[in-house]
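Examining the three-dimensional arrangement
Spelled out from the first residue to the last, the chains are:
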Amino acid sequence: MSTRPVDPLYNPQNPGWTPSFDVALDAAREVLAEQQAANIYDDRAMLTAAVRLEIALRHLLAAYDAKAGQ
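Per chain, residue numbering runs from 1 following the sequence as it is written. For this predicted model, a pLDDT threshold of at least 70 governs which residues receive local features, and a threshold of 80 or more governs which side-chain atom pairs are given and counted, while totals over whole chains, interfaces and linings are taken from all residues. Only hydrogens and water are removed before side-chain values are computed, so all heavy atoms of the structure are retained for them.

Quick word on the packing of aromatic side chains
Only centres within 6.5 Å qualify two rings of Phe, Tyr or Trp (six-membered ring in Trp) as a pair; their planes then separate them into stacked at under 30 degrees, edge-to-face at over 60, and tilted for everything else. Under the definition given, this model contains one aromatic pair. Ring geometry for Phe21 against Tyr64: centres 6.2 Å apart, planes inclined by 55°, an arrangement best described as tilted. In this pair, Phe21 is assigned in helix α1 (residues 21–35) and Tyr64 in helix α2 (residues 43–68), connecting sequence segments 43 residues apart. For the exposure calls, accessible area comes from a 1.4 Å probe over protein chains only, and a residue counts as buried if that area is under 20% of its type's maximum, exposed if over 50%, partly exposed in between. For Tyr64, a relative accessible area of 49% gives the class partly exposed. Here a strand is any run of E in DSSP of at least two residues, a helix any run of H or I of at least four, and the numbering for each starts at the N terminus.

Have a look at this one:
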């Protein structure tokens, strides 16, 4: 078991930059199109796809929440 500190993929206390809804939607579609061709038997490709899709989804939801709060 490792005793190194863990850096989480996402920190809800510091969500970072929020794109506009249109930008986030276009980016999510682009990432989804790119990752659909990932090799399911390649661990690195699957990890990359999962991370990129999670980031796109978080941006999309943050943009949606910001748009709904206007």
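Here the narrative resumes.
Comments concerning the side chain of Gln35
Counting through the fold element by element, Gln35 comes out in helix α1. Given the relative accessible area of 13%, Gln35 is considered buried. For Gln35, the residues in contact, after removing those within four places along its chain, are Thr48, Ala49, Arg52 and Leu53. The contact criterion used throughout is that any non-hydrogen atoms of two residues lie within 4.5 Å.

Focus: the environment of Asp22
Looking at where Asp22 falls in the secondary structure, it is placed in helix α1. Classification of Asp22 by relative accessible area gives exposed; the value is 53%. It is 9.4 Å that separates the C-alpha atoms of Asp22 and Tyr64, two residues lying 42 residues apart in sequence.

What to know about the pattern of salt bridges
Between Lys or Arg on one side and Asp or Glu on the other, a salt bridge is scored when a side-chain nitrogen of the former is within 4 Å of a carboxyl oxygen of the latter. A complete count under the given rule lists two salt bridges for this structure. In this structure, Glu34 and Arg52 form a salt bridge, with 2.8 Å as the shortest nitrogen-oxygen distance. Of this pair, Glu34 sits in helix α1 while Arg52 sits in helix α2, placing them 18 residues apart in sequence. With a relative accessible area of 33%, Arg52 lands in the partly exposed category. Among the salt bridges present, the one from Glu54 reaches Arg58, with a minimum N-O distance of 3.0 Å. Here Glu54 pairs with Arg58, and both are found in helix α2, just four residues apart, close to one helical turn.

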